[in-house]
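Here's the letter readout for the chains.
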4 protein chains.
Amino acid sequence: MMLYTHGQHAQVGTFAHYLVSYADALARDRERFMECYGRVNLNPLGAGPVGGTSVGVNRRRTTELLGFDGLVENSIDATSGRDWAVETAAACAILMGNLSRVATDLLDWSAVEYGYIELADEYASSSSIMPQKKNPSTLELIRGKTGEVYGCLCELMTMVKGVNSGYYQDLQQTKIPLWRCLDTTRTSLEVMTGIVSTLKVNGERMREMLDGSLVAAVELAEMMVTDAGLSFREAYKLVAALVRGTLERGGRLSELTSKEINDVSMGVLGKAVEVTDSMITEATDPMASLMRRRSRGSPNPDEVKRMLEERRETLKEFASELDARRRAVDVALEALRKIVATYVS
Amino acid sequence: MMLYTHGQHAQVGTFAHYLVSYADALARDRERFMECYGRVNLNPLGAGPVGGTSVGVNRRRTTELLGFDGLVENSIDATSGRDWAVETAAACAILMGNLSRVATDLLDWSAVEYGYIELADEYASSSSIMPQKKNPSTLELIRGKTGEVYGCLCELMTMVKGVNSGYYQDLQQTKIPLWRCLDTTRTSLEVMTGIVSTLKVNGERMREMLDGSLVAAVELAEMMVTDAGLSFREAYKLVAALVRGTLERGGRLSELTSKEINDVSMGVLGKAVEVTDSMITEATDPMASLMRRRSRGSPNPDEVKRMLEERRETLKEFASELDARRRAVDVALEALRKIVATYVS
Amino acid sequence: MMLYTHGQHAQVGTFAHYLVSYADALARDRERFMECYGRVNLNPLGAGPVGGTSVGVNRRRTTELLGFDGLVENSIDATSGRDWAVETAAACAILMGNLSRVATDLLDWSAVEYGYIELADEYASSSSIMPQKKNPSTLELIRGKTGEVYGCLCELMTMVKGVNSGYYQDLQQTKIPLWRCLDTTRTSLEVMTGIVSTLKVNGERMREMLDGSLVAAVELAEMMVTDAGLSFREAYKLVAALVRGTLERGGRLSELTSKEINDVSMGVLGKAVEVTDSMITEATDPMASLMRRRSRGSPNPDEVKRMLEERRETLKEFASELDARRRAVDVALEALRKIVATYVS
Amino acid sequence: MMLYTHGQHAQVGTFAHYLVSYADALARDRERFMECYGRVNLNPLGAGPVGGTSVGVNRRRTTELLGFDGLVENSIDATSGRDWAVETAAACAILMGNLSRVATDLLDWSAVEYGYIELADEYASSSSIMPQKKNPSTLELIRGKTGEVYGCLCELMTMVKGVNSGYYQDLQQTKIPLWRCLDTTRTSLEVMTGIVSTLKVNGERMREMLDGSLVAAVELAEMMVTDAGLSFREAYKLVAALVRGTLERGGRLSELTSKEINDVSMGVLGKAVEVTDSMITEATDPMASLMRRRSRGSPNPDEVKRMLEERRETLKEFASELDARRRAVDVALEALRKIVATYVS
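Here the structure is a predicted model, which means the values were calculated and not measured.

Just checking my understanding: could you explain the relation of the copies chain B and chain A for this structure?
Relating one copy of the chain to the other requires a rotation about an axis plus a shift along that axis. When chain B is fitted to chain A, the best match, at an RMSD of 0.1 Å, comes from turning it 180° and sliding it 0.0 Å along the axis. On this basis, the relationship between the two copies can be described by a two-fold rotation axis. When C-alpha positions in chain B are compared against the rotation axis, the closest is assigned to Ala90 of chain B, at 3.3 Å. With an isologous cut-off of 70% or more, the 100% of interface residues of chain B that recur at the interface of chain A puts this contact in the isologous class.

Here is the structure:
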């Protein structure tokens, strides 16, 4: 597929490679949540109003019974610290910022003008007034909901700003934006998962756009550096002239011949350039140019395959790590239930 | 010193215990920065404009040479991902939120009405129009600067919202707010460190405030639970009546006698309560009541001492971890300089 | 009462004068809402999906029937413009910023350390654990709710950022934060009105704080300029020395004699200063110093009385302006109901 | 040109009509600034530190001399009120929100896939690596700068939140974000003005997109209501069927015949529909369908012409209003200069 920078055609890529880029962004989001959880799953119980208590409370025991990973030790910190809440909302906001970008990409690509993808019917809506329309409303809603989550973060940051230590009723407001942003983030993730797993990719249309484009220009320039011994400066100058010529003629870069390139090179650089017709074909054929990409993390299909396999492995590790955390809480609560039952009976 | 909730007298505490509460908050801030650094110190070089390059670039080698911990692998992610920048600003904003609360506490406590602390002259300013004033301007500036850092985060979140993948000039704005919030956060931390290490604590005034207060009420109530066998509900009711009586009389809780308490208890609870005069003394003497605190993380001086010792140890670990990170970058850059010198000569 | 700058004693003022300052801030808030209403109460109906309609719709007639003040004319603007919503939230946020400052003032002043005011019982809450406490929770909630309204504004600003023209589902999110911030702002205003109209002002405590303070310093300095012919620079220097002396002695400025001042002046300025004892008394007596204030808008009781009278008049105008707007909508809706009834029957 | 909703083809419009929609949005922005100026151009001088002064200051005279429109009367309000600064930043932020949407529209439309407009060379940049690119960087920068202005508003709102009345050093931070957001907003407006006045509109490409689209569907449906007596529900159902048929065939709506429509109507509605071939032509010809638009504010060229003429008149009024304000300040400053000269000589 076409890759864009500044909204303009830039290079040949693939949809799988695009998806990997957000798999990686979401993996960072996951890391943030796991690390944040380590600061959230701590026990504030037993801190008294603000300065502890003379009643005998075994805080380690309640920590264990309630399935916490540890203690918010200092009693002032336990009653009035809220940075863990702001951090949770920040993790949600950063994730939503990432999703808002995917949503915008997919919205654009489901426009007639791009036509790269089509949402499944269950994720699109029809128009109340325009019979021919299929609106990608779910993507728009995810993008709009980014504002809600940003707003929750803003609320929590404002709430703590300049508030004295020791519990203040201001902090009662913590929970509302916290639940709201967690709910919205989870729902947005679920909907996005549904959208991506059901969308129809129109490979033919993607290929068509590449064929009619000037996107081979970078490949041509790079080839002149790697295979024809030009400096990048020279290659850039020459290719710019070739592009101008092609635009004026209304043709395609793939129709260039080695003779034409030589002629232009004589005019622009004052010297010949050793380019064969097969080199031109290779540089202007989308698939060939993908295969030529050598840098780690590029859309070269072999490289993408490797990345996908590694991500699949990582995903399994993520799942088992999450399971372990869930199980720890479940085990603690189950034990607690039994102990409570003992006391009750 | 007095501990407050809702801006009202709540319990007896100590200034050292207060400082530990923010040592712990700042330790969480440090954790956030260290974890964030792991996502920031990654090498985006070699991703080409957006889709990699066919020029032979060894990305692992450049990663090593430039002192990065690893690679931003996917080329789209490397060129257009900015969640690491938003996260950095979020870490700064959360820290500043914490500092803004310390600043407000210290501002209040340096008011004549509290008089608990006095800033060193180098951290205060005189008034241009009022000769008698010593203004805690540095604290006010730190609190005001919180807005600047919040604003940087808001800017970065807005910048990425809904921007397509692939580099866009919007992202050029990343650096300005990023440097600004890092600079302001560092300066604020340095100034706060200076303020706290040079301020004068007025222990006499703190003690005076405790003596004249009703803060012993919670201690009395807890003592009636732990030592006199009342339920907390009963204790609460009884103490509330004792407080009302004391307020009406204009006296102090420490002047209560066991006889009076018994009389009030008969009236309020319909039963006597076994309280001795020495129990009353112990509950209403600030130091005694501190010593009675048994919960982990309380301002009991022994407990505070233990916490301070542990934090000192942790601080050493923090310092050596930071040193290691700094050294890793220095070593890489030194190696790079040597290699460059080889090529040049 | 004491007026503060930098949290430190600054000048003598009055509580009425303080209230006028926020009457004026709220009057600006009211202006913002009235002006914003002029941009909100406009009719978008009849704009079709985005480009108008060929169905005969008389937009002027629907404007009149629905009680709008005018038309959002351009059909793209009518369907996708949302700046009016952001502006409404901004007006709410600015107002809440003002309320958050009143809340902080009143919170501080209801602390034992200040003791200037006491909230009525219905606006305070008792502590679940500390029998002696009366918590000004309503003030804390208003301050905390500032975050909610700031968050709504942040949400709306984020929502519109970078969204294409023409209706998008993102904009469906407009209503939720809009209603939320309007509701919270109205409730906060109502609660604050209740708090202020029922609070008990402790004038004696206010006076006591003034008497023990160094706040007469500015008055003394100004008097030396206006009545004793010193430059402000000289007066400042002299008074600073007098304040230092008073602090060292532990006395009060009102105990200064003209002889002492002269002695200090000889030492500090190298010349005598013509000050009489009655001048000192006048400068150091809080009420006298209030009466000496001559600048428009100062807490001089005559000036405050004038301001209060003018605000009362303005308030009547505000009320009748609001009434007129309400009536206009009511009249339109009543007329509409009749017309609908005609069609139905 | 095509008008879009949900990023999908919606109705026929015109570029002039699009520009009018933002002329109207910017007119609201202008109103906000003019009203805000009325609250900003007020004189705080003469309020003393916080409680006025006993020095004889004629505040009305300084108001006049400095070219202010009036007084911030109450001395507490004058020294510590900052809502006017937050409001100024809010006006900037709302305007930038509007500009960010224009920027996104124009960015999309300068993509090859739309090809509706082309930026003048002086507002585009070339690629450092891709010779064929013309990047609309100025539009991206304006969109990115929206974040900066939002950030300034966030900073100012945070700064005032919960700060006590009476001057605090926190407020010193007012000026930095205020100047920054005013500068950025002015520059963004200037650049956008340059972009819009120099861009090349590709009318042919716009027309081409209309011809190949299903956008006539709404017109057809409306025509069946206004000219063929169907209810909108019936018309919607019928047109949806016609669209489906056309899509399956791969044809265009303009190729429909009255016979086909009748056949489909019999199948879908169970009745014939009185449609002539000339009616179909009219509904499916973009220009004809524009001429049929009757609602006020629609892209009907006559209507757009009227709107443009009215806006031109309004623009003149705006300019003379702005001139008057500027002149008032100039006159005051000139008078002040003369008076100062008198005193000096």
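From this point, the narrative continues.
Quick question: what am I supposed to make of a nonpolar patch on the surface here?
Among the surface-exposed residues, Val340, Tyr343 and Val344 of chain B lie close enough to one another that they form a single nonpolar patch of about 380 Å² accessible area. For Val344 of chain B, the position within the fold is in helix H13 (residues 301-344).

Any chance you could explain the interface of chain A and chain C here in plain terms?
One widely used convention gives an interface's size as the accessible area the parts lose upon coming together. If you look at the interface, chain A gives 24 residues, while chain C gives 24 residues. Between chain A and chain C the total buried area reaches about 2,300 Å² when both faces are included, carbon and sulfur atoms providing 60% of it. Put simply, chain A and chain C have two salt bridges between them. Residues Arg143 of chain C and Asp170 of chain A are paired through a salt bridge, measuring 2.7 Å at the closest nitrogen-oxygen approach. Inspection of the region where chain A meets chain C yields six residue pairs in polar contact (both at pLDDT 80 or more). Examining the composition of the side of chain A that touches chain C, we find that 14 residues originate from one element, helix H5 (residues 137-160) of chain A, more than from any other. Its residues assigned to classes, the side of chain A that touches chain C shows eight nonpolar, nine polar and seven charged.

Just to check I follow, could you spell out the pairing of strand S1 (residues 2-5) of chain C for this structure?
The side chains of a regular strand alternate between both faces of the sheet. Residues and elements named next belong to chain C. Here S1 shows two buried faces, one formed by Met2 and Tyr4 and the other by Leu3 and Thr5. Pairing geometry for S1 and strand S2 (residues 8-12), over four bridges, is antiparallel. Its bridge partner lying in S2, Met2 is registered against Val12. The antiparallel pairing of S1 with S2 creates a hairpin that spans two residues between the two strands, and His6 there sits at a positive phi of about 55°.

Got a minute to help me understand helix H9 (residues 232-249) of chain C in this structure?
Along an α-helix, a turn takes 3.6 residues, which lines up residues three or four apart on a common side. Residue and element names in this part refer to chain C. Along its 18 residues, H9 runs 25 Å from first to last C-alpha, staying within 8% of the 26 Å computed at 1.5 Å per residue. Of all the positions in H9, only Ala235, Leu238, Val239, Ala240, Ala241, Leu242, Val243 and Thr246 are classed as buried. Next to the buried residues of H9 lie helix H8 (216-226) and helix H10 (258-268). Remark: Gly250 follows H9 within two positions and exhibits a positive phi of approximately 80°.

In this structure, what is going on with the interface of chain B and chain A? I would like to understand it.
Contacts between the two partners involve 82 residues from chain B and, on the opposite side, 83 residues from chain A. Roughly 7,100 Å² of surface becomes buried between chain B and chain A when both sides are summed, with 50% attributable to carbon and sulfur atoms. At the surface where chain B touches chain A, the tally comes to 18 salt bridges. Taken together, the links from chain B to chain A amount to 66 residue pairs in polar contact (both at pLDDT 80 or more). Ranked by residue count, the leading element in the side of chain B that touches chain A is helix H4 (residues 83-109) of chain B, at 13 residues. In terms of residue class, the side of chain B that touches chain A is made up of 26 nonpolar, 31 polar and 25 charged.

Explanation requested: unusual backbone geometry in the structure shown.
As a rule of thumb, non-glycine residues mostly have phi less than zero, and peptide bonds are mostly trans rather than cis. In this structure, His6 of chain C is a non-glycine residue whose phi angle is positive, near 55°. With respect to the secondary-structure elements, His6 of chain C resides in the loop between S1 and S2.

Is there a simple way to explain the relation of the copies chain A and chain C in this structure?
Mapping chain A onto chain C leaves a residual RMSD of 0.0 Å; the transformation is a rotation of 180° accompanied by 0.0 Å of translation along its axis. Of the interface residues in chain A, 100% have counterparts in chain C that sit at the interface too, so the contact is made through matching surfaces.

Sorry if this is basic, but what is going on with the pattern of salt bridges here?
Should their charged atoms come close, side chains of opposite charge can pair. According to the stated counting rule, one finds 132 salt bridges over all chains in the structure shown. For the salt bridge of Arg32 of chain B with Glu87 of chain A, the shortest nitrogen-to-oxygen distance reads 2.6 Å. Residue Arg32 of chain B is located in helix H1 (residues 15-40), and its partner Glu87 of chain A is located in helix H4 (residues 83-109); the two belong to separate chains. Assigned by exposure class, Arg32 of chain B and Glu87 of chain A land together as buried. Between Asp83 of chain D and Arg28 of chain C there is a salt bridge, with its nearest N and O atoms 2.8 Å apart. You can see Asp83 of chain D sitting in helix H4 (residues 83-109) and its partner Arg28 of chain C sitting in helix H1 (residues 15-40), one on each of two chains.

Could you clarify how one ought to interpret the side chain of Thr184 of chain A in this entry?
Counting through the fold element by element, Thr184 of chain A comes out in helix H6 (residues 175-198). On the accessibility criterion, Thr184 of chain A (9% relative accessible area) is buried.

How should I be thinking about the packing of helix H5 (residues 137-160) of chain C against helix H6 (residues 175-198) of chain C in this particular structure?
Two packed helices can be described by the angle between their axes and the distance between those axes. Residue and element names in this part refer to chain C. At a minimum axis distance of 9 Å, the contact between H5 and H6 shows a crossing angle of 160°. In terms of their interaxial angle, H5 and H6 are classed as roughly antiparallel. Crossing handedness for the pair H5 and H6: left-handed. Counted together, Thr138, Leu139, Ile142, Lys145, Glu148, Val149, Cys152, Glu155 and Leu156 of H5 and Pro177, Leu178, Arg180, Cys181, Thr184, Thr185, Ser188, Val191, Met192 and Ile195 of H6 form the full contact between these two elements. By residue class, the composition of the contact of H5 with H6 is eleven nonpolar, four polar and four charged.

Calculation criteria
- Residues numbered from 1 in each chain as written.
- Chains lettered and ligands numbered in written order.
- Predicted model: local features only at pLDDT ≥ 70, side-chain atom pairs only at ≥ 80, totals over all residues.
- Heavy atoms only, no water.
- Least-squares fit on C-alpha atoms with pLDDT ≥ 70 in both.
- Contact = heavy atoms within 4.5 Å.
- Patch = residues over 30% accessible without salt bridge, like charges linked within 9 Å, V, L, I, M, F, W, Y side chains within 5 Å.
- Areas by Shrake-Rupley, 256 points an atom, 1.4 Å probe, with all protein chains shown as cover.
- Salt bridge = Lys/Arg side-chain N within 4 Å of Asp/Glu carboxyl O.
- Helix = DSSP H or I, 4+ residues; strand = E, 2+ residues; numbered from the N terminus.
- Buried area = accessible area lost by both parts, 1.4 Å probe.
- Polar contact = N/O pair within 3.5 Å; in protein donor to acceptor, adjacent residues only side chain to side chain.
- Nonpolar A, V, L, I, M, F, W, Y, C, P; charged D, E, K, R; others polar.
- Buried < 20%, exposed > 50% of the residue type's maximum accessible area, 1.4 Å probe, protein only.
- Pairing = 2+ DSSP bridges.
- Expected span 1.5 Å × (residues − 1).
- Axes fitted to C-alpha atoms, helices over the stretch in contact; angles between N-to-C directions.
- Parallel < 35°, antiparallel > 145°, perpendicular 65-115°, else oblique.
- Left-handed = near helix turned anticlockwise from the far one by under 90°.

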